[in-house]
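If you want the building blocks of each chain, they are given just below.
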Number of protein chains: 2
Amino acid sequence: METVSTNRAFGGVQGVYKHASAACGTDMTFSVYVPPHEAGAKLPVVWYLSGLTCTHANVTDKGEYRRLCAELGLIFVAPDTSPRGEGVADDPDGAYDFGLGAGFYVDATQAPFAQHYRMLSYVTQDLPALIAAEFPAADMTRQSIMGHSMGGHGALTIGLTFPDRYKAVSAFAPIVAPSQVPWGHKALGGYLGEDRAVWRKHDAVALIEDGARVADLLVDQGDADNFLAEQLKPHLLEQACAAAGIPLTLRLQPGYDHSYYCISTFMGDHLRWHAERLMRDG
Amino acid sequence: METVSTNRAFGGVQGVYKHASAACGTDMTFSVYVPPHEAGAKLPVVWYLSGLTCTHANVTDKGEYRRLCAELGLIFVAPDTSPRGEGVADDPDGAYDFGLGAGFYVDATQAPFAQHYRMLSYVTQDLPALIAAEFPAADMTRQSIMGHSMGGHGALTIGLTFPDRYKAVSAFAPIVAPSQVPWGHKALGGYLGEDRAVWRKHDAVALIEDGARVADLLVDQGDADNFLAEQLKPHLLEQACAAAGIPLTLRLQPGYDHSYYCISTFMGDHLRWHAERLMRDG
């Protein structure tokens, strides 16, 4: 692991790091905030998965998470959203919603993406192993996951797939049912092929319909979000959770859009919600 | 005034706007955060002056001021750091510390800069008049000023020059004595010429030596700031304030550098400090 930068912030250290990812076969950059803590302390780890077009930098710059992570004693990890670099396939038209910056947190099976686009393995195996090895304060028995938009899709699907590993799961403006919306059709089709049974393992609503369960979920969604009606469709998650008996706190936030202005406003609520669940077993 | 963007954040509105500045003779872009408030309420106005290379966007993205401005009921205004656009002179070598992004909050008298580089008039006359006209919630009888680095220089010098107008003055890592450091030599010489008596009106330490007074000052300075020894020299402000009897709270923050990680960490303390002073007369 190579240190790109470290900066003191809110009494802790905001770092940006780079490593050679075995899962993706590329170098990957990510950020980690380690709050102030006593020597030898073990702190829970919150994963934040970013949305389309983002890198680790967007939430690191604009997420306003450090103050509360320092107060609550949470490590905050922000991975990139796709493999990058020479030889990494991109959308043939350079679109923003597929390819670079748009890995959708799946392991691609379709050429030419299968070679590097293995963001599910990266986020659930490769990077956690690195964090465990390189950040001695990280308590990998207490992890939680949140994300925004495409990263909200990632957080929900990964949280539903590994309910024992992630003690809390939440999302800002998530894509809740990629199988039913244009962004998801393009991404899941492009990365996984046209067998829709395969898609269901990477679709939060379908996972719940197929029996996946978590203790509860928190979702904030701006009602002035341009993507709400066509791509996000939170009512589909609401229906699935109601049918499955999963307690979902879905908050429609009046006047908020899809931006980091919304995320930063509600970040504190999410971190507190995560901390409550992460500290229960601590 | 043209609205570039507005986004709901922390219950208020973060806006970015553009207007034709009479002072600078160019279009200028700035940001204003208006916190949630009751119809007809009048709210104090905090000015934030940015440092070298910045625009309004740096603090707007990374300053983490909105949460507390919402809590405390403060309007937050962030101007640009220089005129920009076609026909605006720049440093002949394109250096970062003079010309574009480096207006130093003075009214230039030297060609070719005198034509557009009138940031002192812009920040103290032009933009306040626009804010008063366009933002009915702004109470222009209750203003305060803060800034970072070159903007800390701006906040201190403007605060010292107009002590009745700004009810609170604070800075993050300010250039306290531009007459005594390389950044200042280049900027004050380039904009104002070589008469050092003129420089003294734009140098916080010299202003205090020459009799300018404010009720008190708050300065946060990271001790791991690369510019500390050569450009910032906070001990010169400490000496001047001690000699003048100005209560200065100068906090050397261990491990902090010159970045927005430092600013965002201590922004809350500064906003509370401003609010106390702005609300006294309210």
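Residues numbered from 1 in each chain as written. Chains lettered and ligands numbered in written order. Predicted model: local features only at pLDDT ≥ 70, side-chain atom pairs only at ≥ 80, totals over all residues. Heavy atoms only, no water.

By the naming in an unreviewed UniProt entry, chain A is S-formylglutathione hydrolase, taken from Sphingobium psychrophilum. Of the comments in the UniProt record for chain A, the one headed Function (unreviewed entry) reads "Serine hydrolase involved in the detoxification of formaldehyde." The Sequence similarities (unreviewed entry) field of the UniProt record for chain A holds the comment "Belongs to the esterase D family." (UniProt positions renumbered as here; feature names shortened; annotations may be inferred.)

**Student:** What should I look at first to understand the sheet that holds strand β2 (residues 12–21) of chain A in this one?
**Tutor:** Two strands in a sheet stick together by hydrogen bonds in their backbones, pointing the same way (parallel) or opposite ways (antiparallel). Residues and elements named next belong to chain A. Read across the sheet, nine strands follow the order β1-β2-β3-β5-β4-β6-β7-β8-β9 without closing on themselves; strand pairing throughout is mixed. If you trace the sheet from one side to the other, it starts and ends with β1 (2–9) and β9 (248–253), each paired once. The sheet shows a mean angle of 20° between the axes of neighbouring strands, direction not considered. Looking at chain direction, strand β7 (residues 166–172) and strand β8 (residues 217–222) are connected through three bridges and run parallel. Bridge pairing links Ser170 to Leu218 in β8. This element, helix α4 (residues 150–161), spans β4 (43–49), β6 (138–148), β7 and β8 of the sheet and lies at about 135° to β6. Contacts from helix α9 (residues 234–244) reach β8 and β9, with the element oriented near 160° to β9. (Pairing = 2+ DSSP bridges. Helix = DSSP H or I, 4+ residues; strand = E, 2+ residues; numbered from the N terminus. Axes fitted to C-alpha atoms, helices over the stretch in contact; angles between N-to-C directions. Contact = heavy atoms within 4.5 Å.)

**Student:** I keep staring at the environment of Gly189 of chain A and nothing clicks. Help me out?
**Tutor:** Residue and element names in this part refer to chain A. Within the secondary structure, Gly189 sits in helix α5 (residues 182–192). Residue classification places Gly189 among the buried residues on the basis of a relative accessible area of 10%. Those residues within four positions of Gly189 in sequence are excluded, and the remaining contacts are Gln110, Gly184, Glu194 and Trp199. (Buried < 20%, exposed > 50% of the residue type's maximum accessible area, 1.4 Å probe, protein only.)

**Student:** What's the story with the sheet that holds strand β1 (residues 2–9) of chain B in this structure? I'm lost.
**Tutor:** Taking strand neighbours across the sheet as the criterion, the nine strands line up as β1-β2-β3-β5-β4-β6-β7-β8-β9 (chain B) in an open arrangement whose pairing is mixed. Single-partner strands in this sheet number two, and they are β1 and β9 (248–253) of chain B. For this sheet, the mean angle separating the axes of adjacent strands, direction not counted, is 20°. In terms of strand pairing, strand β4 (residues 43–49) of chain B meets strand β5 (residues 75–78) of chain B through three bridges, oriented parallel. Looking at the pairing, Val46 of chain B lines up with Phe76 of chain B of β5 of chain B. Its contacts with the sheet place helix α10 (residues 260–280) of chain A against β1 and β2 (12–21) of chain B, and it is angled at close to 30° to β1 of chain B. Sheet strands touched by helix α3 (residues 119–134) of chain B: β2, β3 (26–34), β4, β5, β6 (138–148) and β7 (166–172) of chain B. Its angle to β3 of chain B, the strand with the most contacts, is close to 55°.

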